[in-house]
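# Tertiary structure, described
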Amino acid sequence: MINTNEVLKKYGLKLTKSLGQNFLTDINIIKKIVDVGEVSSSDLVIEIGPGIGSMTAEIAKLAGKVVAVEIDKNLIPALNENLGSFPNVLVVNQDIMKADIKELINGWTGPLKVISNLPYYITTPIIMMLLEGDVPWDILVFMVQKEVALRLAGTPSTKDYSALSIAVRYYSDPKLAFTVSKNCFIPKPDVDSAVVKLKKRELACVQDIDKELFFKIVKASFGQRRKTLLNSLGSQGWLDGGKEHLREVLTKLGIKENVRAEELTIEDFARLCREL
Ligand code: SAM
């Protein structure tokens, strides 16, 4: 196991809070995260933000290939040294939001997994980029702030259920794997974290819908989540027929008039979308 404090001292590294640099120092947690990814020698694993390579090394022991994309050029010398004994690791000094991921995985025909202790300042944009984009991933494993993890894996009629939960479910089957204490990091973050696993859906769970309208409906419905759907979605200027039409559609679908967004499943939203 890489000794984080020793590496930071050796390279004179100062960690940058604005880049979400909280490094994992607990080898058991690192191994548990890699386990969640079910990594095998046929996999290519992309690690977003390898830091000084503590998790990268554990992934590299199991994966066919690892592409580690790190934005901070100051970490690259330490990364190269710490991972020097793994010929299957490619370290790339790029911003993941700007990287051409398809080019980085060029030619790989086996399963593709992304494993990351995500930089917290950019968690949702990275997740949405992977969910909505055309990178052919099979499994995503993310460590994120616990409250975000709960929203990612949120289920109907819970306070964590949100537009983000629906977006995640649209593309994947999400599972909350385990929580991680803030004491497992250097420096210690303000909040605890949790690991989620998103497995690609073989078949879309909702079909024959206008995807753009679907997400517009979901966002408007959760935009004012305390209100009933009639008052949140029903008051949108772009909704054909307005509140009255929405009331008729709810009745037709057998959904109660005073329903709130958080009570509706993704399939309910799909039914609404087809009718609206
Ligand atoms: N994987 C290491 C670990 O678990 O100890 C470090 C995780 S740390 C929470 C997040 C890492 O992501 C940092 O190394 C940070 O520099 C890097 N990072 C931040 N923004 C990034 C971006 N846009 N693209 C790639 N890496 C980024």
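Preceding this section is the structure that the text describes.
One structure accompanies this document, and this report is about it.

Each value, and the rule that gives it
- Residues numbered from 1 in each chain as written.
- Predicted model: local features only at pLDDT ≥ 70, side-chain atom pairs only at ≥ 80, totals over all residues.
- Heavy atoms only, no water.
- Buried < 20%, exposed > 50% of the residue type's maximum accessible area, 1.4 Å probe, protein only.
- Helix = DSSP H or I, 4+ residues; strand = E, 2+ residues; numbered from the N terminus.
- Pairing = 2+ DSSP bridges.
- Near = heavy atom within 4 Å.
- Polar contact = N/O pair within 3.5 Å; in protein donor to acceptor, adjacent residues only side chain to side chain.
- Areas by Shrake-Rupley, 256 points an atom, 1.4 Å probe, with all protein chains shown as cover.
- Expected span 1.5 Å × (residues − 1).
- Contact = heavy atoms within 4.5 Å.
- Salt bridge = Lys/Arg side-chain N within 4 Å of Asp/Glu carboxyl O.
- Phe/Tyr/Trp six-rings, centres within 6.5 Å; stacked < 30°, edge-to-face > 60°.
- Lys NZ or Arg CZ within 6 Å of the ring centre and 35° of its normal.

### Focus: the pairing of strand β9 (residues 193-200)
- With respect to burial, β9 is a largely interior element, six of its eight residues being buried.
- When strand β6 (residues 139-145) meets β9, the two strands line up antiparallel, connected through seven bridges. Paired with Ile139 across the bridge in β9 is Lys199.
- Summarising the sheet, strand β7 (residues 172-180) and β9 pair through eight bridges and their orientation is antiparallel. Within β9, the position partnered with Ser172 by the bridge is Lys200.

### What to know about the site of the ligand
- Around the ligand, the structure places 22 residues, and the nearest of them are Gln21, Leu24, Gly49, Glu70 and Tyr121.
- A distance of 2.8 Å separates an oxygen atom of the ligand from a polar atom in the backbone of Leu24.
- The contact in question runs from a nitrogen atom of the ligand to an N or O atom on the backbone of Ile96, over 3.0 Å.
- Coverage of the ligand by the protein chains reaches 99% of its 600 Å² of free accessible surface.

### A closer look at the pairing of strand β3 (residues 65-69)
- A large share of β3 lies buried, amounting to four of its five residues.
- In this sheet, β3 lies alongside strand β2 (residues 44-48) in parallel orientation, the contact comprising five bridges. Paired with Ile48 across the two strands is Val69, which belongs to β3.
- Pairing analysis gives four bridges linking β3 to strand β4 (residues 89-92), with the strands arranged parallel.

### Looking at helix α9 (residues 211-223)
- Here α9 contains 13 residues, and its C-alpha end-to-end distance of 18 Å stays within 8% of the 18 Å for a straight helix at 1.5 Å per residue.
- All of the buried residues along α9 are Phe214, Phe215, Ile217, Val218, Ala220, Ser221 and Phe222.
- Buried residues along α9 sit against α8 (163-171), α10 (229-232) and α12 (266-275).
- Sitting at the head of α9, Asp210 places a side-chain oxygen 3.1 Å from the backbone nitrogen of Glu212.

### Re the environment of Ala204
- For Ala204, the position within the fold is in the loop between β9 and α9.
- On the accessibility criterion, Ala204 (38% relative accessible area) is partly exposed.

### Some details on the pattern of salt bridges
- Under the definition given, this model contains 13 salt bridges.
- Residue Lys252 is joined to Glu275 by a salt bridge in which the shortest nitrogen-to-oxygen separation is 2.9 Å. On the criterion of sequence distance, the pair formed by Lys252 in helix α11 (residues 242-253) and Glu275 in helix α12 is long-range, its members being 23 residues apart.
- A residue is classified by how much of its surface remains accessible, and Lys252, at 60% relative accessible area, is exposed.
- Residue Asp268 is joined to Arg271 by a salt bridge in which the shortest nitrogen-to-oxygen separation is 2.9 Å. Of the two residues, Asp268 and Arg271 are both situated in helix α12; the distance of three residues between them amounts to about one turn of the helix.
- Under the relative-accessibility criterion, Asp268 is labelled buried at 14%.
- A single network of salt bridges, built from pairs that share partners, joins Glu244, Arg247 and Glu257.

### Let's talk about the side chain of Arg169
- As for its position among the elements, Arg169 is in helix α8.
- Discounting chain neighbours no more than four positions away, the residues touching Arg169 are Ala153, Gly154, Thr155, Pro174, Arg201, Cys205 and Ile266.

### Here's the deal with the packing of aromatic side chains
- A complete count under the given rule lists six aromatic pairs for this structure.
- When the centroid spacing of 5.9 Å and the interplanar angle of 35 degrees are considered together, the rings of Phe222 and Phe269 count as tilted. Highlighted residues: Phe222 in helix α9 and Phe269 in helix α12, separated in sequence by 47 residues.
- For Phe222, a relative accessible area of 9% puts it in the buried group.
- Grouping aromatic residues by their ring pairs yields a cluster made of Tyr170, Tyr171, Phe214 and Phe215.
- In this structure, Lys200 is placed above the aromatic ring of Trp137, and the distance from its NZ or CZ to the ring centre is 4.1 Å.
- Across the ring face of Trp238, the terminal group of Lys216 is positioned such that the distance to the ring centre comes to 4.5 Å.

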